Number of protein chains: 2
Amino acid sequence: MSASIEDVARAASVSVATVSRALRGLPNVAPSTRARVLAAASELRYVADPHASRLAARRSLTIGLALPMIGTWYHAKLFSGVEAVVAANGYDVLPFTMAGTGGVDRFLEDLPFRKRVDGLVVVDAPLHPDQLGRLVGAGVALVTLGLRSEQAPSITLDNRAAARLAVSHLTGLGHRRLAIIGGVPDDPFRFSAPVDRHRGYVDSLAAAGITPDPTLAVPGNFSLEGGAEAMQRLLGASDPPTAVFACSDEMAIGAMQVVRDAGLRVPRDVSMVGFDDHDVSAYLGLTTIRQDVTGQGERAARLLIGLLAPTDGATPVPVHEVHPTRLIVRHTTGPPARSADRLG
Amino acid sequence: MSASIEDVARAASVSVATVSRALRGLPNVAPSTRARVLAAASELRYVADPHASRLAARRSLTIGLALPMIGTWYHAKLFSGVEAVVAANGYDVLPFTMAGTGGVDRFLEDLPFRKRVDGLVVVDAPLHPDQLGRLVGAGVALVTLGLRSEQAPSITLDNRAAARLAVSHLTGLGHRRLAIIGGVPDDPFRFSAPVDRHRGYVDSLAAAGITPDPTLAVPGNFSLEGGAEAMQRLLGASDPPTAVFACSDEMAIGAMQVVRDAGLRVPRDVSMVGFDDHDVSAYLGLTTIRQDVTGQGERAARLLIGLLAPTDGATPVPVHEVHPTRLIVRHTTGPPARSADRLG
DNA sequence: CTAACGGATGTAAACGCTTTCATCAACAAG
DNA sequence: CTTGTTGATGAAAGCGTTTACATCCGTTAG
């Protein structure tokens, strides 16, 4: 049905070995022969069967991308970055979503990617350190994104410092009752961002001489809905916050809507700062912490592909990159209304 | 390094053929034998090498997903839907992005997916009808999403009717100067939504006795930035619209920000209706046309997998599904301010 | 008791490549 | 003129499965 390497060999009057070499740009092929092979291949619209070639070459030319889910802004951007450089380097990308039955544990149990990918980008580190260690031990090249691990190169943010940036901005404006929407995850080893950001929040409060009020720290599930629910709880309290640090822009957006629905104004009654710099945030005027998600994906892919390249020396030391974040002040933060009281 | 089928065969004291049969649940294997093989396989943590098995079985158990890009809300949701059902059916999904060098044409030229996927979901039909025809002729199972094609099953929206829904809502409120942000694409064969929605817009104007003003139809590139730029142009005109139909929520969001930056209010000065029902739209109170993007992705995948299943009869007639849309009225639409003038 | 049958199993030939190794020609050096 | 050397090429052995076909054996029908 479709041409095989033998067809090309016949058409070019050479052996299949020569076709293979010529097509892959290997040395020791006479220029004239190579030209003839190339012509024949393109004439026959020949494309090497990836399965055959991967079986023979013992490399899949595929990198796996393990993430908790697709469909959110963050993961889509990440995917986009990874995909771009992976494709540019001639690899395929194979997404693994942890959402299905069994999730992470089944993923590790069945190792569905075994023999299927040359390397793995693990996002939000849905794996325990020892699980990661086992993988690395099994010879799987991998880089983690979102959680630092000692066993493999990683790309992270300084979440604690970033949170300090956000919260200090708020305390600097005079806020004293500061809430955080984020939440402690089930397992800090798997997704450390919320706990680190919470630490930064506490840091900043301490620096401003404020004692953290545990009722002002509510989980938001990193979703619009979760942010809205969290804000509802905050507003329902006896002494609501004048400022909120949401650990994602989506939670911030959900929360702001609740604020407005309650007849309050942002930032007059409640200041809001998010995290991510979601595409829409600029258009909503949301003050936020910017991170370059696509760039992180690109970087992770590049790192992994570097790992896959034949290392002509000792095993390289794992790289740990901490990507920058930046406070973007827009229009959802301002001094607390009560500061006027204090002045008066 | 990792167990092969021979290792399992040896451990279970049977031939590799029996192992293969036992593991794949084929008939004609004695229950006791099957149990023994299963035990051995799990003991050795055996997983069949996908490349070998795909080469031998001549099917890749992979479905390709060709889309213009990842990273936007729409495509991420679609991806999410496709991925879920594809994974549930034991297939892998291999994304192909058209963004890179050459884009669609190179994609078709090299047919990079040839021999690599069993079927293809083509999103936003980046292919000409005759290109699609060639693919189908070449035996590639495919379903298109976003553009109806006669050669293959398709999943579409009735974009024209949906646009009528949106625009009639606006005319019903009394608007007479109605803009549309969407734009005519380079090639209506590749992405027909904008032209169909424009038709629906014209329909509704006609029904309301309004002559379309070509200066009120501006392209917006289906992006936040594009929406903003479009709105800038509309506002800069001598007689700006009192209502805008944006062909995507993202364009609507970009446009609304420009409206507000100009010191105008939504919906008092400008009504806005979007298209998609983006996750954030509910939180922004955006009136919009809802479509179930994830559901469309799921459906496309299901259709394709059905196509792949052994057809024990004549070639099935291509299914053309038109998925529903619905107008969701929220808070960005209202009667035009000037309607008061008319009353007065 | 024999022949035919059918279920369980094994043998071995693909599948379409890559890659090692051998071969060969041409040419430089002795 | 031999002997090395080097670059171009081909032969063939895998790579780890699937699957058509053959074999074996216990049943059942005649």
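Details of the structure are given in the entry above.
Keep in mind that what you see is a predicted model, and the values were worked out from it rather than measured. (Residues numbered from 1 in each chain as written. Chains lettered and ligands numbered in written order. Predicted model: local features only at pLDDT ≥ 70, side-chain atom pairs only at ≥ 80, totals over all residues. Heavy atoms only, no water.)

Draft legend 1. A look at the protein's contact with DNA strand D. Ser-15, Asn-28 and Thr-33 of chain A together with Ile-5 and Ser-20 of chain B are the nearest of the 28 residues found near DNA strand D. Those atoms of DNA strand D that come within 4 Å of the protein belong to sugar or phosphate at a rate of 71%. One nitrogen or oxygen atom from the main chain of Ile-5 of chain B is found 2.8 Å from a phosphate oxygen belonging to DNA strand D. At 3.3 Å from a phosphate oxygen of DNA strand D is found a main-chain nitrogen or oxygen belonging to Asp-49 of chain B. Residue assignment for the surface near DNA strand D shows that the elements contributing at least two residues are helix H2 (16-23) and helix H4 (50-57) of chain A together with helix H2 (16-23) and helix H4 (50-57) of chain B. (Near = heavy atom within 4 Å. Polar contact = N/O pair within 3.5 Å; in protein donor to acceptor, adjacent residues only side chain to side chain. Helix = DSSP H or I, 4+ residues; strand = E, 2+ residues; numbered from the N terminus.)

Draft legend 2. The arrangement of the relation of the copies chain A and chain B in detail. For the pair chain A and chain B, the best superposition has an RMSD of 0.1 Å and corresponds to a rotation of 180° with a translation of 0.1 Å parallel to the axis. These values place the two chain copies in the arrangement generated by a two-fold rotation axis. Proximity to the rotation axis, assessed at the C-alpha, singles out His-51 of chain A in chain A; its C-alpha lies 2.4 Å from the axis. (Least-squares fit on C-alpha atoms with pLDDT ≥ 70 in both.)

Draft legend 3. The arrangement of the sheet that holds strand S11 (residues 320-323) of chain A in detail. Residue and element names in this part refer to chain A. Spatial strand order, S2-S1-S3-S4-S5-S11: six strands in an open sheet with parallel pairing. Because the sheet does not close on itself, it has two edges, and the strands there are strand S2 (92-97) and S11. Here the average twist between neighbouring strands, direction ignored, is 20°. In terms of strand pairing, strand S1 (residues 62-67) meets S2 through six bridges, oriented parallel. Across the sheet, residue Leu-65 finds its bridge partner in S2, namely Pro-95. (Pairing = 2+ DSSP bridges. Axes fitted to C-alpha atoms, helices over the stretch in contact; angles between N-to-C directions.)

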